[in-house]
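Fold and geometry: a report
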Amino acid sequence: MERRLFLKCMGCTTCVTAASQTGLLPDILGGIQNAAAFDYTKKLSNVEARYYKKLKDGGIECELCPRHCMVTDLERGYCGVRENQKDKYITLVYGLPCSLNIDPIEKKPLFHFHPGTTAFSLATAGCNSNCKFCQNWEISQVRPEQTDNIDLSPAAVVDVCTSRKVPTIAYTYSEPIVFYEYMYDTTVLGHKNDIKSVMITGGYIEEKPLADLLVHLDAVKVDLKAIRENYYRDIVNAELKPVLDGLVQTRKSGVWLEIVYLVVPTLNDTESEFKELARWIKANLGTDVPLHFSRFHPQYLLKNLPPTPISTLETAWNICRAEGLEYVYIGNVRGHPAESTYCPSCGKKVIDRNGYRIRQYNLKGNRCKYCDNEIPGRF
Amino acid sequence: MSTVIVVKSTGGNPGKKPDSEKYKTLLNEGLRLLTEDKNPSGCLARLFPGGRVGMKTNCLAGRLNSTTPTLVDALSELLKESGIEENNIIVWERSNRELSSAGYKLNASSFGRRILGTDSNGVGYSRAFYSSDGVNSLISRILTDMIDYNINLPVLKDHSIAGLSGGLKNMYGAVHNPNKYHDNNCDPYAANISNLEPIRKKNRLTIIDAIMVQYNGGPGFDSRYMAYYGGILISEDPVAVDRVGLEILEYFRRINSLPPLEKVGRSVKYLKTAALLKLGMDKLDKIKIKVIDVGREGKSRPGSLL
């Protein structure tokens, strides 16, 4: 044990992100009332990864994400958290989150999934893409040796939720696909204890692991970064098509799905793109999948661009509504009317939001209290 | 025209790594030939005129296939003799774990030669990103802040993706996100990492340990594909020294009935990219290769590359 970490309990608003080498170690000693104690560790895990095959001439091929990294002894995949050790593929981050917090579920954002509740949110180091605008690059674009990790088994995660009455676990912040085994085992254990699980992801995953995981998930939020392949190639360093396929697969599975589209000035913000996006969603997922247009702020490798003008977000919102999408939101603009949920039938505000706070809740079960129209989601 | 010196040990015990004294002899002979200065201390004093000198090792593969401490010890002695303060010599790698696994005794103190990984307390990576065409990385603060010059000390190895792991590839260990740069046989990434401003500016000398050559199955250790070459390669040109190393690696593949790297999809394309970035020469006809054999008694005579 390196030292003791005291995590501020329920209600804390600052994410405990352990990344001392990039200078981001937070005030982890703040607010120790009702605190739980966790252990930092320098050790990496040694758990065999799932979804890989051994190659004839040595090495392995990872089959978790469409990247299909070929990895020889002592090397790692693109994600930086899965390593070939003598032709056995190992996840180095099982049970080793570097970032923890209890967040409002609205922060994910999931607006149609148990509004007003909280989610115990966690992430390990690593990511299988490299978005130039990443807001969490200090943990997603580094190797697990570069973050301060907390020893937290799946059982310990579930214990935190039950002891603090947190109904949901959110795998988030970095890219949960790269800590698949940890996420999977925690979702299974969570369900046995009536704890729900949601995955907040870029959605760059192969069909089989996604199918296996969806059985145990309650909701998925996918960051659809763009609707054009060249954006994925140039800005994300991934591919669009597998993400679209995964969206369709998730929708068909019945697991609750919401989509975020980060609008980046000059890169994915044309009216034709918004139209294309809306039409694709309508044709492939339906009109009742919530779509969040999120405001970009200069980050990481895209510091040369301005924040997204609110007018651009409103244009996107208008286009998608005109194309028939029923639940379109604007995010990262606190107090904007498009943070709230409106009943498509009577037009009244059924969930009034301000930031992550719910000011008014006008649903009865899953129905509009004014006109009894059914609102899709998990309420 | 660039110069690459190849110093081969003859008359020793093939298959056995030289001891520190032997390495010192090889280094002395090689540095004299490189700088055409009879006094090896003078050579190093000219290459490293005071200040702090780093040695970037390659310790990925543990004791069996990493930059050996005996070579590092020999070079440290020569640096001290040339006037570099012992505490201003920093032997470094990505992590303390890798250094320890390769047989190094860590020392981050103010006394004696320092041996430390970037993950040592208080070290870490640069705050600022450095960029070069597709590469955007933080760089080890050992390189950016703690040394004035760097000696790149790789071992000559095959690499399952890059084809060749030599000096340019070794600098992957200086950046925070090396796993992002393995697509397309590490091209253009291996070249662009060495083109990042602090690396390009501080890398003064590359010494490749080619006593043993992992000509297939790298970058880890695979005894089936390990051959004795018995030499070290020295150059101020980081591209030329890799290019000559590639000749040696391909030679061992050839005599062991393995296809050339190009035929197995591991063409070392990044050398050409590095040349285009003007990091050095990638064409053999633009590289002067001087080979000497150093016998057991320490006498040298002209030798042949292969």
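Residues numbered from 1 in each chain as written. Chains lettered and ligands numbered in written order. Predicted model: local features only at pLDDT ≥ 70, side-chain atom pairs only at ≥ 80, totals over all residues. Heavy atoms only, no water.

**Concerning the pairing of strand β15 (residues 219–223) of chain A**
Moving residue by residue along a regular strand, the side chains alternate between the two faces of the sheet. Of all five residues in β15 of chain A, four are buried, a share of seventy percent or more. Regarding topology, helix α4 (residues 207–214) of chain A serves as the crossover connection from strand β14 (residues 196–201) of chain A to the parallel β15 of chain A, and that connection is right-handed. (Buried < 20%, exposed > 50% of the residue type's maximum accessible area, 1.4 Å probe, protein only. Helix = DSSP H or I, 4+ residues; strand = E, 2+ residues; numbered from the N terminus. Right-handed = clockwise from strand over helix to strand, strands pointing away.)

**Focus on the packing of aromatic side chains**
All told, the structure shown has 19 aromatic pairs over all chains when counted by the stated rule. Here the aromatic rings of Y261 of chain A and F293 of chain A are separated by 5.7 Å at their centres, their planes lie at 70°, and the arrangement is edge-to-face. Of the two residues, Y261 of chain A sits in strand β16 (residues 256–263) while F293 of chain A sits in strand β17 (residues 291–295), which places them 32 residues apart along the sequence. Each member of the pair Y261 of chain A and F293 of chain A is classed as buried. For the pair Y215 of chain B and Y225 of chain B, a centre-to-centre distance of 6.0 Å together with 80° between the ring planes defines the contact as edge-to-face. Here the residue Y215 of chain B occupies a position in the loop between β10 (203–214) and β11 (226–235), and Y225 of chain B occupies one in the loop between β10 and β11, the gap between them amounting to ten residues. (Phe/Tyr/Trp six-rings, centres within 6.5 Å; stacked < 30°, edge-to-face > 60°.)

**Concerning the nonpolar core**
F120 and F293 of chain A are the most contacted members of the largest nonpolar core, which has 90 residues in total. Ranked by size, the runner-up nonpolar core spans 53 residues in total, among them A174, V213, V239 and L305 of chain B. (Core = buried A, V, L, I, M, F, W, Y, C linked by side-chain atoms within 4.5 Å.)

**Re the packing of helix α3 (residues 180–192) of chain A against α4 of chain A**
Residue and element names in this part refer to chain A. Packing of α3 against α4 brings their axes to within 10 Å, and their N-to-C directions diverge by 25°. It follows that α3 is roughly parallel to α4 by the angle criterion. Between α3 and α4 the crossing geometry is left-handed. Here Y180, M183 and Y184 of α3 come into contact with α4, specifically with P209, D212 and L213. Looking at the contact of α3 with α4 residue by residue, the class counts come to five nonpolar, no polar and one charged. (Axes fitted to C-alpha atoms, helices over the stretch in contact; angles between N-to-C directions. Parallel < 35°, antiparallel > 145°, perpendicular 65-115°, else oblique. Left-handed = near helix turned anticlockwise from the far one by under 90°. Contact = heavy atoms within 4.5 Å. Nonpolar A, V, L, I, M, F, W, Y, C, P; charged D, E, K, R; others polar.)

**Looking at the sheet that holds strand β4 (residues 47–48) of chain A**
All names here are of chain A. Overall, antiparallel pairing links the three strands, which are arranged β4-β9-β8 in an open sheet. Lying at the two open borders of the sheet, with one neighbouring strand each, are β4 and β8 (82–85). Of the pairings in the sheet, the one linking β8 to strand β9 (residues 88–91) comprises four bridges and is antiparallel in character. Residue pairing in the sheet places Q85 in a bridge with K88 of β9. (Pairing = 2+ DSSP bridges.)

**Examining the pairing of β11 of chain B**
Residues and elements named next belong to chain B. Within β11, nine of the ten residues are buried, which leaves it mostly tucked inside the rest of the structure. Of the pairings in the sheet, the one linking strand β1 (residues 2–9) to β11 comprises four bridges and is antiparallel in character. Across the sheet, residue V6 finds its bridge partner in β11, namely L233. Pairing of β10 with β11 involves eight bridges; the strand directions are antiparallel. Bridge assignment links M212 to a residue of β11, and that residue is Y228.

**Regarding the packing of helix α2 (residues 154–164) of chain A against α3 of chain A**
Residue and element names in this part refer to chain A. One way to put it is that α2 packs onto α3 with a least axis distance of 9 Å and a crossing angle of 45°. Viewed along their axes, α2 and α3 adopt a mutual orientation that is oblique. Note on packing geometry: the crossing formed by α2 with α3 is right-handed. Residues P154, A155, V157 and V158 of α2 form the contact with α3, whose own contacting residues are Y182, D185, T186, L189 and G190. Among the residues making up the contact of α2 with α3, the classes are represented as six nonpolar, two polar and one charged.

**Concerning the sheet that holds strand β19 (residues 341–342) of chain A**
Residues and elements named next belong to chain A. With antiparallel pairing, the three strands of this open sheet are ordered in space as β19-β20-β21. Whereas interior strands pair on both sides, the edge strands pair on one side only; in this sheet they are β19 and β21 (357–361). Pairing geometry for β19 and strand β20 (residues 349–354), over two bridges, is antiparallel. Residue pairing in the sheet places T341 in a bridge with I351 of β20.

**Some details on the confidence of the model for chain B**
Across chain B, the average pLDDT comes to 94, with 99% of residues at 70 or higher. Interface predicted TM-score (ipTM) for the complex: 0.87; the corresponding pTM is 0.89. (pLDDT = per-residue confidence, 0-100.)

**Describing the environment of C343 of chain A**
Residues and elements named next belong to chain A. If you trace the backbone, C343 turns up in the loop between β19 and β20. In sequence terms C343 and Y370 are 27 residues apart; their C-alpha atoms lie 8.9 Å from each other. Those residues in contact with C343 that sit more than four places away from it in its chain are K348, V350, C368, C371, N373 and I375.

**Brief notes about the pattern of salt bridges**
Scanning the entire structure with this criterion turns up 36 salt bridges over all chains. Of the charged contacts, one joins E63 of chain A and K53 of chain A as a salt bridge, the two residues approaching to 3.9 Å between their closest N and O atoms. Residue E63 of chain A is located in the loop between β6 (60–62) and β7 (70–71), and its partner K53 of chain A is located in strand β5 (residues 52–54); the two are separated by ten residues in the primary sequence. By relative accessible area, E63 of chain A is classed as partly exposed at 27%. Here K283 of chain B makes a salt bridge to D282 of chain B, at a shortest N to O gap of 3.6 Å. Because the salt bridges share partners, they merge into one network encompassing R76, E83 and E145 of chain A together with R97 of chain B. (Salt bridge = Lys/Arg side-chain N within 4 Å of Asp/Glu carboxyl O.)

**Describing the interface of chain B and chain A**
Size of an interface, as often reported, equals the accessible area lost when the parts are brought together. Contact with chain B, which involves 25 residues of that partner, is made by 25 residues of chain A. Each partner contributes to the roughly 2,000 Å² buried at the junction of chain B and chain A, and carbon and sulfur atoms together form 48% of this total. Counting across the interface, chain B meets chain A through two salt bridges. Between D183 of chain B and R67 of chain A there is a salt bridge, and its shortest N-O distance comes to 3.8 Å. Where chain B meets chain A, there are nine residue pairs in polar contact (both at pLDDT 80 or more). Class assignment for the residues of the side of chain B that touches chain A results in eight nonpolar, eleven polar and six charged. (Buried area = accessible area lost by both parts, 1.4 Å probe. Polar contact = N/O pair within 3.5 Å; in protein donor to acceptor, adjacent residues only side chain to side chain.)

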